[in-house]
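The chain contents come next:
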Amino acid sequence: MPKAIGIIFANSGSDTLDGLAQNRPVAAVPFGGRYRILDFALSSMVNSGISTIGLVTPHQYRPLLDHLGAGKDWFLERKNGGMFILPGVMHGLAGDNHTFCIKDLQHNLEYLEKDFSDNVVISSGNQIYNMNFMESLQFHKEKQADATLIYKECDNLGNSIDDSLLEMDNDQKISNIWVQSDLKSSHTGHSHFANMLIIRRELLLNIIDKYSSLGCLDLIDILITNLKVLKLYGTPTDSIFWPIRTVKDYFHRSMDLLDCEVREKLWLGEDRIHTKIVDNPPTRYTTHAKVSNSLIASGCTISGEVSNSIIFRGVIVEQGCQIKNSIIMPKCHIYENAQIKYAILDKYVKVNGENVLKGSLNSPLVVSKSTVI
Amino acid sequence: MKQQECVALLLAGGQGSRLNGLTLNRAKPAVSFCGKYRIIDFSLSNCTYSNINTVGILIQYKPFLLNSYIGLGSAWDLDNPFSGGVHILPPFLGNSEGSWYNGTANAVFQNYEFIDFYNPKYVIILSGDHVYKMDYNLMLKFHKQKNSEITIATIQVPHEEASRFGILTVDEDLRVTDFQEKPPQSESNLASMGVYIFNWATLKQALIEDDADYLSDNDFGKNIIPQQLKQAKRVYAYNFQGYWRDVGTIESYYHANMESLREGHFLNVFDPKFRIFSNEDILPPHFMGSSAKIENSLVCNGCIVHGKVSNSILASGVFVGKGVEIKDSILLPYVKVHKGSMVSKTIVGENAEILSGSIVGVEGESTPDQDGITVIEDRHIIPSGSKIAAGENVYRTR
């Protein structure tokens, strides 16, 4: 088994998530009723047998750490390896295009230096997927690749402004990487880079050494520059793959979870998604509850109507409420007779009785954390 | 290792035979309760809150599932080796002999070396098959205040029920003057909760004496306590007032579960100020399908519901198919109820499957047994189109 350590970049903010990623990195945004976006990358690595994982966090990492603790719930509180917090250099969470900033790695060089593994598996923490990396690691080893980029074969990934397309020969060796913003219509392709790669640790250290003094460069850009002299390969993943870049991404992907087949594939397979355990009681439905086609987490009390929605942990929905096509994050309290349609409510929002919150399918209403309406 | 003032011994070895199909495959403390918990979660969580960090769990009957569930005790923060932690204590072979545990006192007696190892001042004996929330420190405080040698936790039971319990008579100072096991008639209605605090020195002596007595059943309630009372030891009763439920029979188990569905009683079990910890399985949020109808029920993680559920408890990972009706029932973890079946007033054991078109809990002409509560054993598969009468116990054929 090829030995590898992991790095997850969980330090990018976003201007396009309309306040959901205002005081937290995208990776820390709650998703799927009881998870945070980061849980998917983290669980994928843990389930692949990668037990040493470095998390590149924003400078302000309280919300992340509140969720992660010491990594116990992901089985990363251990002697051999474990979870390492790697504070990034960027101040603030300004959205930027650097998914894998070299400077962040240089700042935490010891994590890479002190290990003995041959390879590093790097992933963005801003995407939903459930993938076992063992096959890709095997492929990477067989090809004796310098780096193996993981891609998703599909028509488009939703908002594709930040996409990169891979061009490969018959042996899966990468001949070109097209960054979408450069694309003219002549380049069409289906092999979308999935912001995940395996790279030889020695090579990564060399790159950091050589390039970090040149400013904030992205690892992928560096690989593109050196394409001719490196052995770069591509390998596909058949996992569900959802990058979350806009509110629309977030909303539509959340609604996709209401499909049985999607859920089977994403989190009911052999490899489960781990998350913080909070010892909530079971959810209670009172005599007035009416729920259909919805995903409901633990610790809730539901006395109203809920349909086509996702209700996170610890939410209270009082009698007479109507919640449709919405996403209600942890610890919200929806008082009697309130109506919520096509909305995303962040944590701790209180909606007082009789209020009506209405967004639309293409423009869901986002209510910030702790707002009282 | 840090010196522990009080060490807990949790009796989890009994068969719990009055729980029929629910304990055919697992020790009673490992039986599911209120959907996501197991009975032992209560005693263990009490230890966590009471800061009792060294807990010996005495096992004997079908311990595998219980042991796997307890693991290292991490789920209850009882995995700190510096302050002791959780220890599974099975019967064992010694230098010259070994034997199965022959009664609650014998189980503790055989493990005196474990207690000696930690050398505490006090030992608290707990049962792993009661559901209650208690801060043992308050009881210990009382024990010290009274300069007691043995303190028994008591709870007031309705007079009509008194004959089911060990009943204590106390004076105004709460000193125990008499103890009767299941008395047909009694004035007092103070029942023993099976929770005792002993000074270790007192307990050691009592166990040695009891072991030497060939006629003894080596039981705390039947032998140790009466014997100590006879010797005029300082025995006091600590009156507990709080959430406590007997779950020893099918009827009491069923009603204790169902009670949590009633308005106002929910908080008894689920009070966030005294949260019960448990070793949860890794499951996603539950899903209510478009044809689902649910009212007055509890649902745990991982469930998939497409049918009608009322007045029921769905434990983790339960599947309720289309056209199914679940009423007044408790579905234990990973139960599957397929298309068109009806389940009424039934406890369905873990991993059991009720295939399509079955009716479980059919009310007949005569008064049913067991308060009309039907029980289906763990892992049992009820064939399609079956009809099971109310009050029946359905076991696998071996």
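## Overview of the overall build of chain A
Helices and strands together make up the secondary structure of chain A, namely 9 helices and 28 strands. Against the compact-globule benchmark of 21 Å for 373 residues, chain A has a radius of gyration of 21 Å, which places it among compact chains. Within chain A, buried positions represent 49% of all 373 residues. Of the contacts formed within chain A by residues at least 6 apart in sequence, a portion of 58% connects residues at least 24 apart.

## As for the overall build of chain B
On a plain count of helices and strands, chain B comes out with 9 helices and 31 strands. For chain B, the C-alpha atoms occupy an extent of roughly 65 × 50 × 45 Å along the three principal directions. The buried share of chain B, taken over its 398 residues, is 53%. Here the contacts in chain B between residues at least 6 apart in sequence split such that 60% fall between residues at least 24 apart.

## Quick notes on the interface of chain A and chain B
Each side of the interface is counted separately: chain A has 24 residues, and chain B has 25 residues. Elements with a minimum of two residues in the side of chain A that touches chain B: helix 9 (260-267), strand 14 (283-285), strand 15 (290-292) and strand 16 (294-296) of chain A. For the side of chain A that touches chain B, a count of residues per class yields 10 nonpolar, 9 polar and 5 charged. For strand 14 of chain A and strand 16 (residues 297-299) of chain B, the ladder comprises 3 bridges, and the chain directions are antiparallel. Along strand 16 of chain B, the bridge assignment pairs R284 of chain A with L298 of chain B.

## A few points about the pairing of strand 8 (residues 150-156) of chain B
Residues and elements named next belong to chain B. Within strand 8, 5 of the 7 residues are buried, which leaves the element mostly enclosed by the surrounding structure. Here 6 bridges tie strand 8 to strand 11 (residues 190-199), and the two strands are oriented antiparallel to one another. Note on strand 11: the bridge partner recorded for I152 is Y196. Where strand 8 meets strand 12 (residues 235-239), 5 bridges bridge the pair, whose relative direction is parallel. In the strand pairing of strand 12, I152 is matched with A237.

## Some details on the nonpolar core
Ranked by size, the top nonpolar core spans 232 residues in total, and within it I8 of chain A together with L9, L58, I124, I125, L314 and L331 of chain B carry the most contacts. The contacts of L9 of chain B, once residues within four sequence positions are left out, are G56, L58, V108, V123, I125 and L126 of chain B.

## What about the environment of H87 of chain B?
Residues and elements named next belong to chain B. Within the secondary structure, H87 is located in strand 5 (residues 85-89). Separated by 220 residues in the primary sequence, H87 and G307 place their C-alpha atoms 43 Å from one another. In this structure H87 touches G56, I57 and F114, once residues within four positions along its chain are discounted.

## Points about the domain arrangement of chain A
Interface size is often expressed as the accessible area that is lost when the parts come together. Residues and elements named next belong to chain A. One can read the domain layout of chain A as domain 1 (4-267) and domain 2 (284-367). Placing the centre of domain 1 and that of domain 2 at their C-alpha centroids yields a distance of 32 Å. Listed per partner, the contact involves 11 residues of domain 1 and 16 residues of domain 2. Top contributing element to the side of domain 1 that touches domain 2 by residue count: helix 8 (residues 247-256), with 3 residues.

## What about the domain arrangement of chain B?
Residue and element names in this part refer to chain B. What the domain assignment reports for chain B is domain 1 (6-251) and domain 2 (281-394). Distance between the C-alpha centres of domain 1 and domain 2: 34 Å. Across the side of domain 1 that touches domain 2, the residue classes tally to 4 nonpolar, 5 polar and 2 charged.

## Some thoughts on helix 1 (residues 37-47) of chain A
All names here are of chain A. With 11 of its 11 residues buried, helix 1 lies for the most part within the structure. Among all positions in helix 1, only I37, L38, D39, F40, A41, L42, S43, S44, M45, V46 and N47 are buried. In this fold, the buried residues of helix 1 make contact with strand 1 (4-9), strand 2 (30-31), strand 3 (35-36), strand 4 (52-57), strand 6 (119-124) and strand 7 (127-129). Positive backbone phi, at 90°, marks G49, one or two positions downstream of helix 1.

## Let's talk about unusual backbone geometry
Although it is not a glycine, N337 of chain A sits at a positive phi angle of roughly 65°. Take N337 of chain A: it is sitting in the loop between strand 23 (333-334) and strand 24 (339-341). On the basis of neighbour count, N337 of chain A is assigned to the partly exposed category, with 16 C-beta atoms found within 10 Å. A positive phi angle is found at L174 of chain B, which is not glycine, with a value near 70°. Position of L174 of chain B among the secondary structure elements: in the loop between strand 9 (166-170) and strand 10 (176-181).

## A short note on the sheet that holds strand 14 (residues 286-288) of chain B
Reading across from one edge, 28(A)-25(A)-22(A)-19(A)-16(A)-14(B)-17(B)-20(B)-23(B)-26(B)-29(B) is the order of the 11 strands in this open sheet, with mixed pairing throughout. Bordering the open sheet on either side are strand 28 (365-367) of chain A together with strand 29 (381-382) of chain B, each of which pairs with just one other strand. Inspection of the sheet shows strand 23 (residues 336-337) of chain B paired to strand 26 (residues 353-354) of chain B by 2 bridges, in the parallel sense. Directly across from V337 of chain B, in strand 26 of chain B, lies its bridge partner I354 of chain B.

## Brief notes about the sheet that holds strand 20 (residues 316-317) of chain A
Reading across the sheet, the 11 strands line up as 26(A)-23(A)-20(A)-17(A)-14(A)-16(B)-19(B)-22(B)-25(B)-28(B)-31(B) and stay open at both edges, with mixed pairing between neighbours. Edge positions in the sheet fall to strand 26 (350-351) of chain A together with strand 31 (393-394) of chain B, since each of these pairs with one other strand and no more.

## What about the pairing of strand 27 (residues 359-362) of chain B?
All names here are of chain B. Pairing of strand 24 (residues 342-344) with strand 27 involves 2 bridges; the strand directions are parallel. What sits directly across from M342, in strand 27, is I359. Here 3 bridges tie strand 27 to strand 30 (residues 387-389), and the two strands are oriented parallel to one another. By the bridge assignment for strand 30, V360 is matched with I388.

## Some words on helix 8 (residues 250-259) of chain B
For helix 8 of chain B, the full list of buried residues reads I250, Y253, Y254, A256 and N257 of chain B. Down the axis of helix 8 of chain B, the buried side of the element spans an arc of 165°, and every buried residue falls inside it.

## Some words on the environment of Y243 of chain B
With respect to the secondary-structure elements, Y243 of chain B resides in the loop between strand 12 and strand 13 (244-245). Those residues in contact with Y243 of chain B, other than ones at most four positions away along the chain, are Y132, K133 and N268 of chain B.

About the thresholds
Residues numbered from 1 in each chain as written. Chains lettered and ligands numbered in written order. Predicted model: local features only at pLDDT ≥ 70, side-chain atom pairs only at ≥ 80, totals over all residues. Helix = DSSP H or I, 4+ residues; strand = E, 2+ residues; numbered from the N terminus. Rg over C-alpha atoms; globule rule 2.2 N^0.38 Å. Buried ≥ 20, exposed ≤ 12 C-beta atoms within 10 Å, placed from the backbone. Contact = placed C-beta atoms within 7 Å. Nonpolar A, V, L, I, M, F, W, Y, C, P; charged D, E, K, R; others polar. Pairing = 2+ DSSP bridges. Core = buried A, V, L, I, M, F, W, Y, C linked by C-beta atoms within 7 Å. Domains from an automatic or database assignment. Arc of directions from axis to C-beta.

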